[in-house]
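Overview (structure and organization)
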Amino acid sequence: MTVAGMDEIDLSANEFWALPLARRADAFAQLRSEGRPRFYAEPEVPFSEKGPGYYALVRYADVAEASRHPDVFSSGKGATSIPDLPVEFNEYFGSMINIDDPRHARLRRIVSRAFSPRLIAKFEDDVRRVAAEIVDDLLATGPCDFVPNVAARLPLTIICDMMGIPGDQYDMVLTNTNIILSGADPEYLSEDLDQAVLQLLGAGQALADLVTSLAAARAAAPADDLVSALVTANIDGEQLTSAELASFFILLVVAGNETTRTALSHALMLFTEFPDQRALLLADLENRIEDAVEEVVRYSSPVVFMRRTLTQDYTMNGQDYRKDDKVVLYYNSANRDEAVFSDPERFDITRKPNPHVGFGAPGPHYCLGAHLARRELRVMLRELLTRVPDITAGEPDRLLSSFINGIKHLPCQFGG
Ligand code: HEM
């Protein structure tokens, strides 16, 4: 099977994820056009034996149905990784995203209020202030690497603030969340597999140590932050154990940091590649910004996949699955499914309706931070594109990862 010069579409090969985005999009279009989901051997990873393989769900209908039936498509054996995570990883990475109801729902309830639209709206002033400071600094610095100077700063500051993490720890948080979501990228993770496992566990340990010290302070004097909510939470009559507290904290800081930053970097690239869409947005920013943000998330799909494992035999859209089969929900592909989106390869900020699954499809694990991410994206893009209307992106340096559609570095220019 040849797609744009590719001998074989191997979603488990790092080489596939190093291809330019357009070639990957062609490959997924090819997979969607086939009658049945393909079955793939699992990727090699530093931390576990090779598992049994997985079906690649590339169509919108399959991604939606699997998300809607969590009793059949379980997250409990791992959602964020295709291979099962070994037990020593659970201490740091075994949080609610990798747990099923009813325990998942109880854990999610501890923090869900803080992420509700009403409470997130209360952060509007903070988000605006931080975004304005970032753009002040950008104008003072001049053309620079957009990722650390702009895209990474807003989500980092806001999630650290919500957690009650002091400012002098922000860099340490970013360094460690970068390692945890580094995929297979040698800039962050050693190519020596044993060394890579130690780096991942070290990043988990560093964040766990941070929350342990914050938790001790908050247990003595609770404050109005998420760490206080976590230490005082009572689930089934029990407090969170220290491992549960650590993994919950790590999930929130990793998810809060690494995704919105990716969407912001893609937004600058998209508004550079499609100047007509930038002009359209700036012509009526207040009325178009919400739909523009949805289209940025659809088009860039910052989180590429989540995995599920079958709890029973099941037939979905003509394909039989067996108990214990693994399926991988490719959001990037569902978001370009021509059965749902007309002209899906077109970046169109007026697209409506836009039922993308960039934050997951409807179901119990739908992104907890979606309201926060949308608000951060709206505020930052408004601030950036109105105050630096001629800003453009140069060539991106992409993260080598099958999980996050990440940008490590992105030169930006402005001012003629
Ligand atoms: C553009 C930015 C973001 C994107 C594209 C994104 C995407 C996703 C996706 C695809 C899922 C999995 C849904 C599923 O399995 O059905 C998810 C879950 C999650 N997200 Fe986000 N996310 C973003 C921002 C955030 C932010 C800012 C936070 C803040 C803490 C966050 C916290 C979470 C959490 C905690 C979960 C797990 C929810 C659960 O298991 O119940 N996300 N996100």
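Look up a bit, the structure's there.
Residues numbered from 1 in each chain as written. Predicted model: local features only at pLDDT ≥ 70, side-chain atom pairs only at ≥ 80, totals over all residues. Heavy atoms only, no water.

**Looking at the sheet that holds strand β4 (residues 305–310)**
- The strand order across the open sheet built from five strands is β1-β2-β7-β4-β3, with neighbouring strands paired in mixed fashion. Among the strands making up the open sheet, the edge pair consists of β1 (39–40) and β3 (73–74).
- By the bridge criterion, three bridges tie strand β2 (residues 54–57) to strand β7 (residues 326–330) in an arrangement that is parallel. From the neighbouring strand, Leu57 faces β7, where its bridge partner is Leu329.
- Docked against the sheet, helix α3 (residues 60–68) engages β2, β3 and β7, running at close to 120° with respect to β7. (Pairing = 2+ DSSP bridges. Helix = DSSP H or I, 4+ residues; strand = E, 2+ residues; numbered from the N terminus. Contact = heavy atoms within 4.5 Å. Axes fitted to C-alpha atoms, helices over the stretch in contact; angles between N-to-C directions.)

**Remarks on the site of the ligand**
- Taken together, the neighbourhood of the ligand is formed by 26 residues, with His104, Arg108, Arg308, His365 and Cys367 sitting nearest.
- Taking His365, its side chain carries an N or O atom lying 2.7 Å from an oxygen atom of the ligand.
- Residue assignment for the shell around the ligand shows that the elements contributing at least two residues are α5 (103–112), α13 (242–258) and β4.
- In terms of residue count, the dominant contributor to the shell around the ligand is α13 (four residues). (Near = heavy atom within 4 Å. Polar contact = N/O pair within 3.5 Å; in protein donor to acceptor, adjacent residues only side chain to side chain.)

**Comments concerning the coordination of the iron atom of the ligand**
- Protein coordination of the iron atom of the ligand is limited to a single donor, Cys367 (SG), which sits 2.3 Å from the metal.
- Within the secondary structure, Cys367 sits in the loop between α17 (331–334) and α18 (370–387). (Donors = N, O, S within 2.8 Å, 3.2 Å for Na, K, Ca; no water.)

**What to know about the pattern of salt bridges**
- Under the defined criterion, the tally for this structure stands at 29 salt bridges.
- Ionic pairing is found between Glu244 and Arg103, a salt bridge with its closest N-O pair at 2.4 Å. Remark: Arg103 occurs in helix α5 and Glu244 occurs in helix α13; sequence separation between them is 141 residues.
- Overall, Glu244 belongs to the partly exposed group, its relative accessible area being 23%.
- Linked by salt bridges that have partners in common, Glu42, Asp84, Arg307 and Lys326 make up one network. (Salt bridge = Lys/Arg side-chain N within 4 Å of Asp/Glu carboxyl O. Buried < 20%, exposed > 50% of the residue type's maximum accessible area, 1.4 Å probe, protein only.)

**Description of helix α9 (residues 153–163)**
- For α9, the buried fraction is high: nine of the 11 residues fall into the buried class.
- Regarding α9, the residues found buried are Leu154, Pro155, Leu156, Thr157, Ile158, Ile159, Cys160, Met162 and Met163.
- The first or second residue beyond α9 is Gly164, which carries a positive phi of 85°.

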